[in-house]
Amino acid sequence: MTDTFAIASRDELWLRGMLVESRLMHGVATQRGDVIEASDARDDELVRACDSATEKTRAAMASFRDARVRIVVRATNDGDVETTMTIAVDGVSVVTMPSDALADYELLHRPRNGAAPLRGAIVWHNGSAAVLLHEAFGHASEHDAAPVAWPSWLSIEAPLASRRETFRDVPLTRMTRLVARQTDAPFALPDERIEVQLVAGGGYDPMTDIVTVDVAVSSAGPFTIRHSRTEIAASLTGASGEPIRYPGVICSREGQELYVASHAPVMITDGLI
Amino acid sequence: MTEVYRKFGRVVRYENGIVISVSEAGEAFEKDGVFQARPAVEEPAQTRVSVPHPDPELAAFVAETQTNVAQTLLSVRSGRIERLIASAGTAKHETNGSKWTEESRRVHISLVNPPLRALIDLASFDVETVATIADALARAGVERDAPKRLRLAPNVSAALLPSLIGELAMEQSGGGFDGRGRPIDTRAVTHDPPPNWYRPGYAVRPVRAWLNIRALPFGRIDPDAPAGIALLEPVHGTSLRVLCVDGDAVFPTTVDASHIAAVSRAEPVWYPYAAGSFGAEMML
């Protein structure tokens, strides 16, 4: 059986409204069994789709005068044209789509880190619990990890698909998105709590089953949590409302960076710090 | 506009059971302060690279790699391979009036014996080194304090060397061309800005870097000292987490490697760390 993957992508870096780097990439990979033949063959239609989406996104660059913005547009032969914008201000970043870029850029300018003591429960705002679950549920699923006991009120949708970043890469089983939902979850805000707004990154180690999440902006400033999946599942004590889009997860595995849409309600964990 | 850099190449990579062959031709330049990179589209990459016809080359690489993988698997019977990536590539470069051809080989293996993971990066299959590490990893006990004197294996010292630039007497090994087509001369490595440029791929903006660095030999290596034979984590500054062999004991340990007491006079081996690093036995 033959499987063909074709892609064109534009990758641009803008600093304070000025273009500083621009890359075009295109190629085709054809897989037969365990062998993939790939070259930088050009599919004009994909390149045109890419350029068109890039042009529309460039129009917004003037709005981000104090930011570092990376635009990545990927057009693939499955008909998908995906535009992501990574916007960084003062070392804190969000990953967003053009339609949400201005709102997420403003999020970066809201009051920043507080100096609350690093103790108590954690309240995950802005859908940031999706990052915790991305690592603890999504990546664990990719690695076929043993199940752990999640709260009965929590359901997580994290479909897997064969994905790759470029024509040069071997496709891997990866998450396409993660959406966490709550049904009749308890929700009692503890007096002593840390409010998390933005997350810098995270990781899951399939060998040790340990999840690491680096918090970028919270009422207690930046901090890192590092726990087993079992401990994280047991720490979930409540949630409220509908899933909220978290501004971004660029997921890197085996050096391949892919966008994963991430949504979660406001959630509470206890016992992680 | 700066001089255009062009690269035409082909790489064949074995990645956890899949073989991928990639041919491409690309170019990069700077115009009005903007770095730009794009495929060179006027003709397919394969026709401009004087490498053997893809099919026989691919078949030869696959056969050779399968043999190496089989030997590696046999050599690590006592452990588990988490990741095995091997590649072989040929690339032609053109820029600044220089043209040169490079051949490259890389092997990355991670071996696991939970909760330990040994990271091995080589420029060719070295089954003996892999087997030695796998055997020790299988016998590893619990974490211990670092021994007072520790001997670092070449595959470990090579990973450390870029962190010691300006702190340890070392030189850039001459030969070939850098990412801007300039000759690479042998010269002392210092804190000063490096004279050469590193360009790991055509779509990457070149940066100044010391290339193919090697520590100058001095002092005496104690062959009976405990040995750090493998990295258990990527190097963080001069902090190393290594798999240590001390007689019959094998254990993980973390050591500060900022002070080097000796560098072996044996012929160093090139490893794919940073912009190239030669490993030789070192004493802490």
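Residues numbered from 1 in each chain as written. Chains lettered and ligands numbered in written order. Predicted model: local features only at pLDDT ≥ 70, side-chain atom pairs only at ≥ 80, totals over all residues.

What follows covers the overall build of chain B. Looking only at helices and strands, chain B has 3 helices and 19 strands in total. Expected size for 284 residues packed as a compact globule is a radius of gyration near 19 Å; at 20 Å, chain B falls within 12% of this value. Along the longest, intermediate and shortest principal axes, the C-alpha atoms of chain B span 60 × 45 × 30 Å. Once local pairs closer than 6 in sequence are excluded, the contacts in chain B between residues at least 24 apart make up 62%. (Helix = DSSP H or I, 4+ residues; strand = E, 2+ residues; numbered from the N terminus. Rg over C-alpha atoms; globule rule 2.2 N^0.38 Å. Contact = placed C-beta atoms within 7 Å.)

Of the regular secondary structure elements, chain A holds 4 helices and 18 strands. By the compact-globule yardstick of 19 Å for 273 residues, chain A fits well, its C-alpha radius of gyration being 20 Å. Projected onto its principal axes, the C-alpha coordinates of chain A cover approximately 60 × 45 × 30 Å. Looking at chain A as a whole, 41% of its 273 residues qualify as buried. Considering only residue pairs separated by 6 or more positions, chain A has 64% of its internal contacts joining residues 24 or more positions apart. (Buried ≥ 20, exposed ≤ 12 C-beta atoms within 10 Å, placed from the backbone.)

So, about the nonpolar core. Soluble globular proteins tend to bury their nonpolar side chains together. Residues and elements named next belong to chain B. Within the largest apolar cluster, 130 residues are counted, with the highest numbers of intra-cluster contacts made by Ala118, Ile133, Ala230, Leu231 and Leu243. Contact partners of Ala230, with chain neighbours within four places excluded, come to Ala118, Ile120, Ile133, Asn155, Val156, Val242 and Leu243. With 5 residues, the next largest nonpolar core counts Ala28, Ala37, Tyr202 and Ala203 among its residues. (Core = buried A, V, L, I, M, F, W, Y, C linked by C-beta atoms within 7 Å.)

Another aspect to go through is the domain arrangement of chain A. Residues and elements named next belong to chain A. Splitting chain A by domain gives domain 1 (2-107) and domain 2 (121-269). With centres defined by C-alpha atoms, the gap from domain 1 to domain 2 works out at 24 Å. Contacts between the two partners involve 18 residues from domain 1, matched on the other side by 13 residues from domain 2. When residues of the side of domain 1 that touches domain 2 are traced back to their parent elements, those giving at least two are strand E1 (2-15), strand E2 (18-32), strand E3 (35-39), strand E5 (81-89), strand E6 (92-96) and helix H2 (101-107). (Domains from an automatic or database assignment.)

With that settled, consider the domain arrangement of chain B. Residues and elements named next belong to chain B. Domains assigned within chain B are domain 1 (5-138) and domain 2 (151-283). Placing a centre on the C-alpha atoms of domain 1 and another on those of domain 2 gives a separation of 21 Å. In this assembly, 26 residues from domain 1 lie in contact with 21 residues from domain 2. Elements represented by at least two residues in the side of domain 1 that touches domain 2 include exactly strand E1 (5-15), strand E2 (18-31), strand E3 (34-39), strand E5 (98-113), strand E6 (116-122) and helix H2 (127-138). It is E6 that provides the largest number of residues to the side of domain 1 that touches domain 2, a total of 7 residues.

As a further point, take unusual backbone geometry. Residues apart from glycine generally show negative phi values, whereas peptide bonds are mostly found in trans. All names here are of chain B. Residue Pro115 is reached from Pro114 by a cis peptide bond, and omega for that bond is 10°. Along the chain, Pro115 falls in the loop between E5 and E6. Positive phi, normally seen in glycine, also occurs at Asn212, with a value near 50°. One can find Asn212 in the loop between strand E11 (207-208) and strand E12 (213-215). The class of Asn212 is partly exposed, set by 19 C-beta atoms lying within 10 Å.

What follows is about helix H3 (residues 129-142) of chain A. All names here are of chain A. The end-to-end C-alpha distance of H3 is 19 Å, a good match for the 20 Å that 14 residues give at a rise of 1.5 Å each. Along H3, the sharpest change in direction is near 30° and occurs at Glu135. Counting buried positions along H3 yields 12 of 14 residues, so the element is predominantly enclosed. Inspection of H3 places Ala129, Ala130, Val131, Leu132, Leu133, His134, Glu135, Ala136, Phe137, Gly138, His139 and Ala140 among the buried residues, and these make up the whole buried set. Asp144 sits one or two positions beyond H3 and adopts a positive phi of about 55°. (Expected span 1.5 Å × (residues − 1). Bend = angle between axes of the 7 residues up to and from the residue.)

Before going further, it helps to spend a moment on the pairing of strand E18 (residues 261-269) of chain A. Residues and elements named next belong to chain A. Burial analysis of E18 places 7 of its 9 residues in the buried class, the great majority of the element. As defined by bridge partners, strand E11 (residues 177-182) adjoins E18 across 3 bridges and the pair is classed as parallel. Bridge pairing in E18 links Arg177 to Ala261. Relative to E18, strand E15 (residues 236-245) is paired through 6 bridges, and the arrangement is antiparallel. (Pairing = 2+ DSSP bridges.)

Take the confidence of the model for chain B next. Residues and elements named next belong to chain B. For chain B, per-residue confidence averages 90 on the pLDDT scale, and residues scoring 70 or more make up 92% of the total. Ignoring residues within four places in sequence, the model shows residues 45-53, a span with pLDDT below 50, making 21 contacts including any to other chains. The complex prediction reports pTM at 0.90, with the ipTM value standing at 0.90. (pLDDT = per-residue confidence, 0-100.)

The next subject is the interface of chain B and chain A. In this complex, chain B contributes 28 residues to the contact, which on the side of chain A involves 21 residues. With 8 residues, the single largest contributor to the side of chain B that touches chain A is E2(B). In terms of residue class, the side of chain B that touches chain A is made up of 16 nonpolar, 6 polar and 6 charged. Pairing between E3(A) and E2(B): 5 bridges, direction parallel. The residue bridging A:Ile36 from the neighbouring strand is B:Ile20, located in E2(B). (Nonpolar A, V, L, I, M, F, W, Y, C, P; charged D, E, K, R; others polar.)

To continue, consider the environment of A:Val266. Residues and elements named next belong to chain A. Following the sequence through the fold, Val266 ends up in strand E18. Residue Val266 is classed as buried on the basis of its C-beta count, with 22 C-beta atoms lying within 10 Å. Sequence separation of Val266 and Glu242 is 24 residues, and the distance between their C-alpha atoms is 8.1 Å. Residue contacts for Val266: discarding those within four places in its chain leaves Val123, Trp124, His125, Ala239, Ser240 and Gly241.

With that settled, the discussion passes to the environment of B:Leu161. Residues and elements named next belong to chain B. Looking at the element boundaries, Leu161 is found in the loop between helix H3 (154-160) and strand E8 (170-172). Given 28 C-beta atoms within a 10 Å radius, Leu161 is considered buried. Residues Leu161 and Tyr273, spaced 112 residues apart in sequence, show a C-alpha to C-alpha distance of 8.8 Å. With near-sequence residues (within four places) excluded, Leu161 lies in contact with Met170, Ile213, Ala215 and Ser277.

Let's shift gears to H2(B). An α-helix turns once every 3.6 residues. As a result, residues three or four positions apart point the same way. Residue and element names in this part refer to chain B. The end-to-end C-alpha distance of H2 is 16 Å, a good match for the 16 Å that 12 residues give at a rise of 1.5 Å each. Residues Val130, Ile133, Ala134, Ala136 and Leu137 constitute the buried set of H2. When H2 is viewed along its axis, its buried side chains cluster within an angular range of 165° and face the same direction. (Arc of directions from axis to C-beta.)

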